[in-house]
Amino acid sequence: IQDSLPSLHIFSIYGPTETTVFATWFYYCSDYSQSDIVPIGTPIQNAFIYLLDAKLQKVQSGEEGEVYI
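All values reported here derive from a predicted model rather than from experimental measurement.

J.: Looking at this structure, I do not really get the environment of Phe-26. What am I missing?
T.: Turning to its location among the elements, Phe-26 is positioned in strand 2 (residues 24-28). C-alpha of Phe-26 to C-alpha of Ser-12: the two residues are 14 residues apart in sequence and 5.0 Å apart in space.

J.: What exactly am I supposed to notice about the sheet that holds strand 2 here?
T.: What links the strands of a sheet is backbone hydrogen bonding, and the strands pair in either a parallel or an antiparallel sense. Ordered by their spatial adjacency, three strands build an open sheet running 1-2-3, and the pairing between neighbours is antiparallel. Lying at the two open borders of the sheet, with one neighbouring strand each, are strand 1 (10-14) and strand 3 (42-43). Two elements, strand 1 and strand 2, share five bridges in a ladder whose sense is antiparallel. In the sheet register, Ile-10 faces strand 2, and the bridge partner there is Tyr-28.

J.: Sorry if this is basic, but what is going on with unusual backbone geometry here?
T.: Glycine aside, residues mostly have negative phi angles, and peptide bonds mostly take the trans form. Phi is positive for Asn-46, close to 65°, though the residue is something other than glycine. Backbone geometry at Leu-56 places phi at a positive 65°, although glycine is not the residue there.

J.: Is there a simple way to explain the side chain of Thr-24 in this structure?
T.: Tracing the backbone shows Thr-24 in strand 2. Contact partners of Thr-24, with chain neighbours within four places excluded, come to Ser-12, Ile-13, Tyr-14, Ile-40, Gly-41, Thr-42, Pro-43, Ile-44 and Ile-49.

J.: So what exactly am I meant to see when it comes to the pairing of strand 2 here?
T.: The side chains of a regular strand alternate, first on one face of the sheet and then on the other. The alternating pattern of strand 2 places Thr-24, Phe-26 and Tyr-28 on a buried face, while none of Trp-25 and Tyr-27, on the opposite face, is buried. Where strand 2 and strand 3 come together, two bridges link them in antiparallel fashion. Across the sheet, the residue bridging to Trp-25 is Thr-42, located in strand 3.

Rules used throughout
- Residues numbered from 1 in each chain as written.
- Predicted model: local features only at pLDDT ≥ 70, side-chain atom pairs only at ≥ 80, totals over all residues.
- Heavy atoms only, no water.
- Helix = DSSP H or I, 4+ residues; strand = E, 2+ residues; numbered from the N terminus.
- Pairing = 2+ DSSP bridges.
- Contact = heavy atoms within 4.5 Å.
- Buried < 20%, exposed > 50% of the residue type's maximum accessible area, 1.4 Å probe, protein only.

Spelled out as structure tokens, the structure:
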């Protein structure tokens, strides 16, 4: 898309209704290699994101967990 519309800016934003608007963001720049996985992005200013298991312990990279904001 960005090849045909170079001035287009695409953002992926995430946030449940409890956070009012959104809590994370990701900017799709031209060097992003497309895949089936859409990144959740990084937290907005003054927010923290944790991926925790059922015992509220941080999960390792690649493991499933719940998002805590």
